[in-house]
Amino acid sequence: VQLQASGGGLVQPGGSLSVACVASGSAFIMAWYRQAPGKQHELVAKMNSAGITDYGDSVRGRTTISRDSDKNAVYLQINNVKPEDTAVYYCNAQRIRDGRVYTYWGEGTQVTVSS
């Protein structure tokens, strides 16, 4: 599975950021992770094919993840962004085949929150 992300860029504090990712095939879980300079890789949000979601603590309450199964796409919107949301955002997909989990990563997209 290949993942192609789009969106991101420069966002002003208090604004909203949106990123999108399209996969070349279906996935059980699609997610967004991020990594800020000097920090660990962290979950932003994930959604499984049943629509069950999970959000990282630092973004919960101001973030929405959504999927379009027909397009194999996943979308992320973070509202009221803060400088600490600055990071490289990575799209992630997980497929289950023959009882094994296969994980795929897209190339990151940079998001910078700054005035």
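Residues numbered from 1 in each chain as written. Predicted model: local features only at pLDDT ≥ 70, side-chain atom pairs only at ≥ 80, totals over all residues. Heavy atoms only, no water.

Here's the deal with unusual backbone geometry
Line of reasoning, step 1. We note that Asn72 has phi near 55°; this positive angle belongs to a residue other than glycine.
Line of reasoning, step 2. You can see Asn72 is positioned in the loop between strand S7 (63-68) and strand S8 (73-78).
Line of reasoning, step 3. The backbone of Asn80 shows a phi angle near 50°, a positive value even though the residue is not glycine.
Line of reasoning, step 4. Along the chain, Asn80 falls in the loop between S8 and strand S9 (87-97). (Helix = DSSP H or I, 4+ residues; strand = E, 2+ residues; numbered from the N terminus.)

Here we look at the nonpolar core
Line of reasoning, step 1. Leu17, Trp32, Val44, Ile65, Leu76, Ile78 and Tyr89 are the most contacted members of the largest nonpolar core, which has 27 residues in total.
Line of reasoning, step 2. Taken together, the elements giving at least two residues each to this core come down to strand S1 (3-7), strand S3 (17-23), strand S4 (29-35), strand S5 (42-48), S8, S9 and strand S11 (109-113).
Line of reasoning, step 3. Every residue in contact with Val44, bar those within four places of it in the chain, is listed here: Trp32, Tyr33, Arg34, Asp54, Tyr55, Gly56, Val59, Leu76, Ile78 and Tyr89. (Core = buried A, V, L, I, M, F, W, Y, C linked by side-chain atoms within 4.5 Å. Buried < 20%, exposed > 50% of the residue type's maximum accessible area, 1.4 Å probe, protein only. Contact = heavy atoms within 4.5 Å.)

Here's the deal with the state of the cysteines
Line of reasoning, step 1. Overall, the coordinates contain one disulfide when judged by the stated rule.
Line of reasoning, step 2. Residue Cys21 pairs covalently with Cys91 via a disulfide, S to S 2.1 Å. Judged by the sign of its S-S torsion, about -85°, the bond between Cys21 and Cys91 is left-handed. One end of the pair, Cys21, is in strand S3; the other, Cys91, is in strand S9, and 70 residues separate them in sequence. In this structure, Cys21 and Cys91 share a single accessibility class: buried. (Disulfide = S-S within 2.5 Å.)

Looking at the pattern of salt bridges
Line of reasoning, step 1. Following the criterion strictly, the structure yields five salt bridges and no others.
Line of reasoning, step 2. Arg60 is paired through a salt bridge with Asp57; the nearest N and O atoms lie 2.6 Å apart.
Line of reasoning, step 3. With relative accessibility at 65%, the residue Asp57 sits in the exposed group.
Line of reasoning, step 4. Residues joined by salt bridges that share partners form a network here, namely Arg34, Glu42, Arg62 and Asp85. (Salt bridge = Lys/Arg side-chain N within 4 Å of Asp/Glu carboxyl O.)

Regarding the pairing of S5
Line of reasoning, step 1. Counted residue by residue, S5 has five buried out of seven residues, so it is predominantly covered.
Line of reasoning, step 2. Relative to S5, S4 runs antiparallel, the two sharing six bridges. Note that in S5 the partner of Ile29 across the bridge is Asn48.
Line of reasoning, step 3. In this structure, the hairpin formed by S4 and S5 is closed by a connection of six residues, where Gly38 is found at a positive phi of approximately 75°.
Line of reasoning, step 4. Turn length for the S5-strand S6 (residues 53-55) hairpin, with the two strands adjacent in sequence and antiparallel, is four residues, and the turn residue Gly51 shows positive phi of about 90°. (Pairing = 2+ DSSP bridges.)

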